[in-house]
Amino acid sequence: MDDRISLAGWSLNRRFRREDHPLALLDFPRVAREEFGFDAIELNSPFFASLEADYLAELRRRAEEQGVAMLAIAVDRQGELAALDPAARREAVQNHLPWLDAAAALGCGYLRANLGGRDTPDEEAALRGGIESFGALARAGKERGVTVVMENHWGLSANPDYMVRVFEEVGDDHFGALVDFGNFPPEGRYAALERIAPYAKTAHAKFHDFDEQGRHTGVDVARCVGILRAAGFRGIWGIEYEGQGDDHDGVVRSKALLQGALGLA
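Keep in mind the model is a prediction, meaning the values are calculated, not measured.

Rules used throughout
- Residues numbered from 1 in each chain as written.
- Predicted model: local features only at pLDDT ≥ 70, side-chain atom pairs only at ≥ 80, totals over all residues.
- Heavy atoms only, no water.
- Helix = DSSP H or I, 4+ residues; strand = E, 2+ residues; numbered from the N terminus.
- Rg over C-alpha atoms; globule rule 2.2 N^0.38 Å.
- Buried < 20%, exposed > 50% of the residue type's maximum accessible area, 1.4 Å probe, protein only.
- Contact = heavy atoms within 4.5 Å.
- Areas by Shrake-Rupley, 256 points an atom, 1.4 Å probe, with all protein chains shown as cover.
- 1 Å grid on protein atoms, 1.4 Å probe; cavity = no way out; pocket = protein on both sides within 12 Å on 5 of 7 lines; lining within 4 Å.
- Points joined across faces, edges and corners; volume = space filled by probe spheres on them.
- Nonpolar A, V, L, I, M, F, W, Y, C, P; charged D, E, K, R; others polar.
- Lys, Arg positive; Asp, Glu negative; His and termini not counted.
- Salt bridge = Lys/Arg side-chain N within 4 Å of Asp/Glu carboxyl O.

Novice: So, the overall build of the protein: which residues are in play, and what are the values?
Specialist: Counting secondary structure elements, the protein contains nine helices and ten strands. Relative to a compact globule of 265 residues, whose C-alpha radius of gyration would be 18 Å, the protein shows 18 Å and is just as compact. With the C-alpha coordinates aligned to their principal axes, the bounding extent of the protein is approximately 45 × 45 × 35 Å. Counting the 265 residues in the protein, one finds 53% classified as buried. Taking the contacts inside the protein whose residues are at least 6 apart along the sequence as the reference set, 77% of them involve residues at least 24 apart. If you sum the accessible surface of the protein, you get close to 11,600 Å²; carbon and sulfur atoms cover 45% of it.

Here is the structure:
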């Protein structure tokens, strides 16, 4: 797969969530294309107005009209995949299935689900449960032609060794990592990224703030790109701007810096 830069919807989360005239997901492909020049986007489950067939068809029509590919859906708040209670885990898996159907209907190749396990009293049991859940989701994804990815996000997935164990024990081609540059703690960040980079299916290039020269402060984006390159990754680099500044300026700066790091400028 060739490298491709996309715009993650969370970069504009303040627009989607504002009280007055929130950005509608149906308009996101147009904004990504007209305002920022993107031809690929990642969607976020909280911003969907519906999972009904007509709504999904209209979203796909609008994206195709703009020449924008919808590459992935990042899914949140659909239950605890690493719950200690087996019934709760089964419910969480079932809650993710309509999102896999939506991803297939929209032509998305990936669906991100969270491992969970935040504050669990039994990490080992929670990890075994998460392995079971992701195995089920990977099988369901394969049936639909969608790859399920787990992000280094929070909870158990804050530990790269736990992530590697899930990848290895699930052992399915339709399952792997969404490698986020910024979500591991600063101490040990790059070593942790090296641990999960061999399992990368897609990536989030996380950006926060910039200095007066336009350089990114915090995460060393070029170093993160180098880690994934060294692991053989080629694929989707989704810009996820989470800075406090103007989101238009933040996305524009992020895009330029990522293009430079990838040698695409």
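Novice: Please provide a residue-by-residue account of empty space enclosed by the protein, values included.
Specialist: Evaluation of the coordinates by the stated rule reveals one cavity of 30 Å³ or more. Reported here for the largest cavity is a volume of approximately 40 Å³. Forming the walls of the largest cavity are S6, E42, L71, A72, T202, A203, H204, I236 and G238. Put simply, the parts of the chain that give the lining of the largest cavity at least two residues each are β3 (69-74), β7 (200-207) and β10 (236-241). Ranked by residues supplied to the lining of the largest cavity, first place goes to β7 with three residues. Among the residues forming the lining of the largest cavity, the class breakdown is four nonpolar, four polar and one charged.

Novice: Could you give me a rundown of the side chain of K255, with the residues and numbers involved?
Specialist: The topology assignment puts K255 in helix α9 (residues 247-262). Within the buried set, K255 has no salt-bridge partner at all; the shortest N-O distance to an opposite charge, 7.8 Å, is to D39. Dropping the residues within four chain positions of it, K255 is found in contact with F36, G37, F38 and I239.

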